[in-house]
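Summary of structural features
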Amino acid sequence: MEISIHHKILLFCFLFFLSATLLLVTEACHAVDKEALLEFKQKITSDPSGLLNSWTSSSDCCASWKGVACDSSGRVVNVSRPGLASDDDFIVDTYMTGTLSPYLGNLSFLQLLDLSNLKDLRGPIPPQYGKLLHLTYLFLDSNKLTGSIPITFKYLFRLNKLYLSNNNISGIIPSSVFGSLRSLSELGLSGNQLSGSIPLSIGKLVLLTKLDLHDNNFSWSIPASIGKLKNLTYLDLSENQITGSIPQSIGGLSELVLLYLNQNQISGRIPSSIAGLSSLVFCRISENKLTGHLPPSIGKLPKIQRLILENNQLTGKLPATIGHLTTLTDVFFSNNHFTGKIPSSFGNLLNLQTLDLSRNLLTGQLPPQLVKLQSLQSLDLSFNPLGLVSIPKWFSKLKLFRLLLSKTGIKGNLPSWLSSSSISTLDLSSNSLTGKLPPWIGNMTNLSFLNFSNNGFHSSIPVEFKNLSLLMDLDLHSNMFSGPLDTIFLKQVQDPLGHFDSINLSNNMFTGPIDDNLGDRSALASINILVLSHNQLGGLVPKSLGKLNELQVLELVDNGLSGKIPAELSDAKELTTILLSRNKLSGSIPGKVLNLTKLREFDVSGNRLSGRIPPHKAIIPASAFLDNPGLCGAPLPPCKHS
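As the structure is a prediction and not an experimental result, all values here were calculated from the model.

Concerning the UniProt feature "domain: Leucine-rich repeat-containing N-terminal plant-type" (unreviewed entry) in the protein chain
- Under the UniProt annotation, "domain: Leucine-rich repeat-containing N-terminal plant-type" (unreviewed entry) lies at residues 32-71.
- Counted over residues 32-71, helix gives 28% and strand 15%. Its end C-alpha atoms are 14 Å apart.

Quick look at the packing of aromatic side chains
- Applying the stated criterion across every chain yields a total of ten aromatic pairs.
- Here a set of aromatic residues connected by ring pairs shows up, and it is made of Phe-452, Phe-457, Phe-481 and Phe-510.
- For the cation-ring pair, Arg-359 lies above Phe-383, with the distance from its terminal atom to the ring centre recorded as 4.1 Å.
- Above the face of the Phe-500 ring, Lys-491 is positioned so that its terminal group lies 5.2 Å from the ring centre.

Observations regarding the environment of Leu-133
- Mapped onto the secondary structure, Leu-133 falls in the loop between strand S8 (119-124) and strand S9 (137-139).
- Residue Leu-133 is classed as partly exposed on the basis of its relative accessible area of 38%.
- Expressed as a C-alpha distance, the spacing of Leu-133 and Leu-156, which sit 23 residues apart in the sequence, is 5.4 Å.
- Discounting residues that sit within four places of it in the chain, Leu-133 has contacts with Tyr-155 and Arg-158.

Section: the sheet that holds strand S25 (residues 337-340)
- The three strands lie next to each other as S23-S25-S27, forming an open sheet whose pairing is parallel. In this open sheet, the two strands that pair with only one neighbour each are strand S23 (315-317) and strand S27 (361-362).
- Sheet topology places S25 next to S27; two bridges connect them, and they run parallel. Residue pairing across strands places Thr-339 opposite Leu-361, the latter belonging to S27.

Quick notes on the pairing of strand S43 (residues 584-587)
- Side chains of S43 alternate between two faces, with Leu-585 and Gly-587 buried and Lys-584 and Ser-586 left unburied.
- Pairing between strand S41 (residues 562-564) and S43: three bridges, direction parallel. Note that in S43 the partner of Ser-562 across the bridge is Lys-584.
- Both S43 and strand S45 (residues 608-612) contribute to a ladder of two bridges, which runs parallel. Residue Gly-587 lies in a different strand from S45, and its bridge partner there is Leu-609.

A short note on the sheet that holds strand S14 (residues 193-196)
- Reading across from one edge, S12-S14-S16 is the order of the three strands in this open sheet, with parallel pairing throughout. With one partner strand each, in any of the chains shown, strand S12 (170-171) and strand S16 (217-218) form the two edges of the open sheet.
- Note that S12 and S14 share two bridges and pair parallel. The residue of S14 that forms the bridge with Gly-171 is Leu-194.

What to know about the side chain of Asn-360
- One can find Asn-360 in the loop between strand S26 (354-356) and S27.
- Taking the relative accessible area as the measure of exposure, Asn-360 reaches 4% and is therefore buried.
- If sequence neighbours within four positions are ignored, Asn-360 has contacts with Phe-333, Ser-334, Asn-335, Asn-336, His-337, Phe-338, Phe-383, Asn-384 and Pro-385.

Focus on the pattern of salt bridges
- Summed over the entire model, instances satisfying the criterion amount to eleven salt bridges.
- Residues Arg-521 and Asp-515 are paired through a salt bridge, measuring 2.7 Å at the closest nitrogen-oxygen approach.
- The class of Arg-521 is partly exposed, set by a relative accessible area of 24%.
- Between Lys-598 and Glu-574 there is a salt bridge, with the nearest N and O atoms lying 2.7 Å from each other. Placement of Lys-598 in the loop between helix H5 (591-594) and strand S44 (601-603) and of Glu-574 in the loop between S41 and strand S42 (577-579) is noted, with a sequence separation of 24 residues between them.
- For Lys-598, a relative accessible area of 36% corresponds to the partly exposed category.
- When salt bridges that share partners are traced, they join Asp-120, Arg-122 and Lys-144 into one network.

Quick notes on the pairing of S14
- The alternating pattern of S14 places Leu-194 and Gly-196 on a buried face and Gln-193 and Ser-195 on a face that is not buried.
- Pairing analysis gives two bridges linking S14 to S16, with the strands arranged parallel. Paired with Ser-195 across the strands is Asn-217, a residue of S16.

Brief notes about the state of the cysteines
- Applying the stated rule across the entire model yields three disulfides.
- Disulfide partner of Cys-29: Cys-61, at an S-S distance of 1.7 Å. Looking along the S-S bond of the Cys-29-Cys-61 disulfide, the torsion reads about 75 degrees, which is the right-handed sense. One end of the pair, Cys-29, is in the loop between helix H1 (5-22) and helix H2 (31-42); the other, Cys-61, is in the loop between strand S1 (44-46) and strand S2 (68-70), and 32 residues separate them in sequence. Neither Cys-29 nor Cys-61 differs from the other in exposure class; each is buried.
- Between Cys-632 and Cys-639 runs a disulfide, and the two sulfur atoms are separated by 1.9 Å. A torsion of 95 degrees about the S-S bond marks the disulfide between Cys-632 and Cys-639 as right-handed.
- A residue is classified by how much of its surface remains accessible, and Cys-639, at 14% relative accessible area, is buried.
- Here the disulfide map of the protein chain reads 1-2, 3-4, 5-6, the bonded cysteines being numbered as they appear in the sequence.

Examining the side chain of Asn-451
- Tracing the backbone shows Asn-451 in strand S33 (residues 449-451).
- The class of Asn-451 is buried, set by a relative accessible area of 8%.
- A distance of 2.7 Å separates a polar atom in the side chain of Asn-451 from a polar atom in the side chain of Ser-453.
- Contacts of Asn-451, omitting those with residues within four sequence positions, involve Leu-426, Asp-427, Leu-428, Ser-429 and Asp-475.

Re H2
- Counted at 1.5 Å a residue, the expected span for H2 with its twelve residues is 16 Å, and the 16 Å between its end C-alpha atoms agrees.
- The set of residues buried in H2 consists of Asp-33, Lys-34, Ala-36, Leu-37 and Phe-40. Looking straight down H2, one finds its buried side chains confined to an arc of 160 degrees; they lie on one side. Within H2, the exposed residues directed more than 90 degrees away from the buried face are Ala-31 and Gln-42.
- Of the surrounding elements, those touching the buried residues of H2 are S1, S2, strand S3 (76-80) and strand S6 (96-99).

Here's the deal with a nonpolar patch on the surface
- Together, Leu-133, Tyr-155 and Phe-157 make up a nonpolar patch on the protein surface, roughly 290 Å² of accessible area in all.
- Position of Tyr-155 relative to the elements: it lies in the loop between strand S10 (144-146) and strand S11 (161-163).

What counts and how
Residues numbered from 1 in each chain as written. Predicted model: local features only at pLDDT ≥ 70, side-chain atom pairs only at ≥ 80, totals over all residues. Heavy atoms only, no water. UniProt positions renumbered as here; feature names shortened; annotations may be inferred. Helix = DSSP H or I, 4+ residues; strand = E, 2+ residues; numbered from the N terminus. Phe/Tyr/Trp six-rings, centres within 6.5 Å; stacked < 30°, edge-to-face > 60°. Lys NZ or Arg CZ within 6 Å of the ring centre and 35° of its normal. Buried < 20%, exposed > 50% of the residue type's maximum accessible area, 1.4 Å probe, protein only. Contact = heavy atoms within 4.5 Å. Pairing = 2+ DSSP bridges. Salt bridge = Lys/Arg side-chain N within 4 Å of Asp/Glu carboxyl O. Disulfide = S-S within 2.5 Å. Polar contact = N/O pair within 3.5 Å; in protein donor to acceptor, adjacent residues only side chain to side chain. Expected span 1.5 Å × (residues − 1). Arc of directions from axis to C-beta. Patch = residues over 30% accessible without salt bridge, like charges linked within 9 Å, V, L, I, M, F, W, Y side chains within 5 Å. Areas by Shrake-Rupley, 256 points an atom, 1.4 Å probe, with all protein chains shown as cover.

What follows is the structure, given as structure tokens:
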């Protein structure tokens, strides 16, 4: 949680104009304050945008120095030189290199110190800053500060907002600091290396509205005293190593709008007291070790919009009371152990846009009441033993963009209503679909992702497939598709969209040869992954593959390919994986191919290659070269000299 730039600018303007009003009867800058600021400038070794250019010993720091404001007695009350700010309708984004001068601790009337987003302030926060007894706002976030939080901060009893986020601050939070900052309303310490437990004394910060400790190394459990923070609206403890259970006291946070506890090691049940979070809008408790049933009281969150509980170990049936949460827009419950049927009450969630129940143990008929979810855009029920047999006809009345039903027991032919749908992502993999790929597949012109892998399709690719001009990811592996590949490679595009990112056609019965001009095809211009293994392609490895500048993975295993490995493959500089094993390739291995800078996996075993294996830097096992009677040299036995 970072305070918004807009919020900071308003805060700065308010204090600046307040100070400007006081300057009507001002005195010159106090010598102690001027010295402190010049000492700060001296510690700055790089200031490319000249944020401190106006800070000169010959000028008045109250009248002439940018980012400095004084009260009527000439005492500095505001120092604001952030690296990200608004200036004449433009956003200024710059940096400073240097360290924080302890002399700033002599600015005894300072109310605001903003050195945020300077990116390259280094070293520790000087303990002398604990002397700034009038300090109300302290922003040092988004730098490279190190060391620990000074224990002297316990004296900053007027501090209202404290942001130290996105630095390299380590150590524990001193309990006495949390116990003393009774005026604090916002605390941002995220993106550091803080460790230890969250102090029990946090319960004393009763005015706190925002608490962001995410992305640290905090351990132990969430203190029950957190339930005393009755004004809290924002709580983010995600991306730590917090253990234990969610305290029952959390139900006392009736003003809480956002609760993020994801990516920890929290265990136990979700407490029934969660019903007390009557203002909650965003709830993310995913990526933990939560167990037990969802409490029915979860249905008493009248404002909830996003409920994310995925990647836990939750069990039991989905509570029908979830159907009361009519404000819900997104539900992510995937990768748990939920059982039983999907409650028919889910049909009441008329604002729902995303429903992800994938990777659970759900069974039974899908409730037809789900047809009422006319705002639903994404539905993922994959990897549940639903035994669907067929996709219900009422699905045709939904307005889905994403439909994922992998391994849900679907059988038979594709339902024809798909031809008139607006689906962009369709995953029906790992089912028992059979028959031909129908020509009407070409009517699904919104498709960008299509996965029919691990089914029983047995036909060639219809010519109408070329109409899928937005398709970018195609996976048809492990079927019985046959015929040539040209229909796929020659498909239309809609620049800049519709260029393939990935193609997997392995384990089918496609025939070749592979088009010599494959690397010139527009649809493949930006492809990353091309997998054609275990087909009946024959012919040569096209030289034009070297023109695929973004190709990272090339797999052509067991395709009956002959001829040489083209040296032109070395022009595809992004290649990390080249698998050409179990073919009939002959000749030598091109040295430039084997020495591609990013190459990590290479296998040409089971071919007819000969000659010395070129010296190479990549760590490639001997097994990758075996069963080529004419190959020799490391990592195989040395070549015999004639």
